[in-house]
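# Descriptive analysis of the structure
Here's the letter readout for the chains.
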Amino acid sequence: MLGAELIWNGGIVFNPAGGTHHGLESRANGFCYLNDPVLAIFRLLDLGLERIVYIDIDAHHCDGVEAAFHGSSMVRIISIHEARRWPFTGLLEDDAGGAAWNLPVDRGLNDDEFQAILEGMILPVTKAFHPQAIILQCGADAVTEDPLSRLALSNNAHWRAVSSLQHLTPRFLILGGGGYNPWSVGRLWSGVWATLNGYEIPSHLTEEQQSILNALSWNRKTGRDRPTHWATTLRDPSNPGPIREELKSDIQKLRTRNSL
Ligand SMILES: [Zn+2]
């Protein structure tokens, strides 16, 4: 709600601790007690906005946000999430009474496929709605090293989403969302700060910066035997790949259904 009020006069707010998109009206759900994206959107509507786009690139479907704005003509929800993964909602056919574009994607989603989604769906749907505010839930659990999903994005995909959306609206609220590998989370969200502020992502981190990343610990084997670049740079190697036919066809189905 504070984030919503801070962007009311225009501007950008990034709340890495936000994005608890599973919280439901009457109960906590999926590590989420309150649903801060929903509260922020309600606050912006209370303040008089009439066109808000909520984009969710976390690996999990935003079931709590969708439930809150079912049938809304003022909120557009765009969610990209891994198919057949908890909470098992957000099917392609589910349009939340016209409010949502749900795109479940298969395991191994790569950077080129994400770019196709960004250009074929996220950006055109957002532009067509002429948003007075955009909220981006920027979940770090959609990257390849995250233990709770099987998507295979590099953090470049998230940064591209941030930089492409940044200039489409006078009010931009970015929320962290999920992320269960401490190195992926820290590096990805630091890159979000850099992108929003127009700083170039450094190709190599200083000793002092590396010491922060090296001080992290994780109760998983990968944490002890980790790749060097998790501490020496923010940017992941990109993960290009073929754009699968099923994905192209699903994007087209959504575009046709919505006459885009
Ligand atoms: Zn998630």
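Residues numbered from 1 in each chain as written. Predicted model: local features only at pLDDT ≥ 70, side-chain atom pairs only at ≥ 80, totals over all residues. Heavy atoms only, no water.

## What about a nonpolar patch on the surface?
How we decide: Two joining distances apply to patches: 9 Å for like charges and 5 Å for nonpolar side chains (Val, Leu, Ile, Met, Phe, Trp, Tyr), and every residue must have over 30% relative accessible area and no salt bridge. To measure how exposed things are, a 1.4 Å probe is used in the Shrake-Rupley method; for residues, cover is taken only from the protein chains shown. A pairing counts as a salt bridge when a side-chain nitrogen of Lys or Arg comes within 4 Å of a carboxyl oxygen of Asp or Glu. Helix numbers and strand numbers start at the N terminus; a helix is a DSSP run of H or I with at least 4 residues, a strand a run of E with at least 2.
Together, Met-1, Tyr-33, Leu-34 and Leu-39 make up a nonpolar patch on the protein surface, roughly 460 Å² of accessible area in all. Here Leu-39 is to be found in helix H2 (residues 36-46).

## Structural notes on the environment of Leu-49
Rule in force here: Each residue gets one of three labels from its accessible area relative to the maximum for its type: buried under 20%, exposed over 50%, partly exposed in between, using a 1.4 Å probe on protein chains only. Residue contacts are counted whenever heavy atoms from the two residues lie within 4.5 Å of one another.
Mapped onto the fold, Leu-49 is located in the loop between H2 and strand E2 (52-56). When its relative accessible area of 5% is taken as the criterion, Leu-49 is described as buried. Counting along the chain gives 84 residues from Leu-49 to Ala-133, while the straight-line C-alpha distance between them is 8.0 Å. Non-local contacts of Leu-49, meaning those with residues more than four positions away in its chain, are made with Trp-8, Leu-44, Met-74, Gln-132, Ala-133 and Arg-171.

## A word on the nonpolar core
Rule in force here: To define a nonpolar core, start from buried Ala, Val, Leu, Ile, Met, Phe, Trp, Tyr and Cys residues and group those joined through side-chain atoms within 4.5 Å.
Core analysis: the biggest nonpolar cluster contains 52 residues, and Leu-103, Ile-122 and Val-192 have the highest contact counts within it. Once you skip the residues sitting within four places of it in the chain, Leu-103 turns out to touch Ser-79, Ile-80, His-81, Leu-92, Ile-117, Met-121, Leu-247, Asp-250, Ile-251 and Leu-254. Of all hydrophobic cores here, the second largest spans 23 residues; its members include Leu-45, Val-65, Val-75 and Ile-135.

## Observations concerning the coordination of the zinc ion
Going by this rule: Any nitrogen, oxygen or sulfur atom within 2.8 Å of a metal ion counts as a donor, with the limit raised to 3.2 Å for Na, K and Ca, and since water is left out, coordination shells can look unfinished.
At this site the zinc ion is bound by Asp-58 (OD), His-60 (ND1) and Asp-141 (OD), with donor distances of 1.9 to 2.1 Å. Between the donor residues of the zinc ion, the gaps in sequence give the motif D-x1-H-x80-D. For the pair Asp-58 and His-60, one class covers both residues: buried.

## Observations regarding the packing of aromatic side chains
Here a ring pair, both rings aromatic, is described through the centre-centre distance and the interplanar angle of the planes. Filter applied, for reference: A pair of aromatic rings is counted whenever rings of Phe, Tyr or Trp (Trp by its six-membered ring) have centres within 6.5 Å, and the orientation is called stacked for planes under 30 degrees apart, edge-to-face for over 60 and tilted otherwise.
Within this structure, the stated rule accounts for five aromatic pairs. Members of the aromatic cluster, connected to one another through ring pairs, are Trp-183, Trp-218 and Trp-230.

## Considering the UniProt feature "domain: Histone deacetylase" (unreviewed entry) in the protein
Where we set the bar: UniProt positions are given in the numbering used here, feature names are shortened, and annotations may be inferred rather than shown by experiment.
UniProt feature "domain: Histone deacetylase" (unreviewed entry): in the numbering of this structure it lies at residues 8-196. Helix makes up 32% of residues 8-196 and strand makes up 18%, while its end C-alpha atoms are separated by 18 Å.

## Quick word on empty space enclosed by the protein
For clarity, the cut-off: Grid points spaced at 1 Å and placed over the protein atoms alone form the basis of the search, with a cavity being a set where a 1.4 Å probe fits but cannot get out and a pocket an open set showing protein on both sides within 12 Å along at least five of seven lines. Lining residues have an atom within 4 Å of a point. Grid points are joined across faces, edges and corners, and a volume is the space filled by probe spheres set on the points. Residue type decides the class: Asp, Glu, Lys and Arg count as charged, Ala, Val, Leu, Ile, Met, Phe, Trp, Tyr, Cys and Pro as nonpolar, and the leftover types, Gly among them, as polar.
The final tally for this structure, using the stated rule, is one cavity of 30 Å³ or more. Computed from the structure, the largest cavity encloses a volume of approximately 40 Å³. Forming the walls of the largest cavity are Ile-57, Ile-80, Leu-109, Phe-114, Ala-142, Leu-151 and Leu-153. In terms of residue class, the lining of the largest cavity is made up of seven nonpolar, no polar and no charged.

## Overview of the packing of helix H4 (residues 111-128) against helix H5 (residues 155-165)
The criterion, for reference: Helix axes are fitted to C-alpha atoms over the stretch in contact, other axes to C-alpha atoms as well, and angles between N-to-C directions run from 0 to 180 degrees. Should an angle lie under 35 degrees it is considered roughly parallel, over 145 roughly antiparallel, and from 65 to 115 roughly perpendicular; all remaining angles are considered oblique. Working rule for handedness: look at the near helix, and if it is turned counterclockwise from the far one by less than a right angle, call the crossing left-handed; if clockwise, right-handed.
Remark: H4 packs on H5, axes separated minimally by 10 Å, with the N-to-C direction vectors making an angle of 20 degrees. By the angle between their axes, H4 is roughly parallel relative to H5. Pair H4 / H5 crosses with right-handed handedness. Across the interface between the two elements, Asp-111, Phe-114, Gln-115, Leu-118, Ile-122, Leu-123 and Thr-126 of H4 pack against Asn-156, Ala-157, Arg-160, Ala-161, Ser-164 and Leu-165 of H5.

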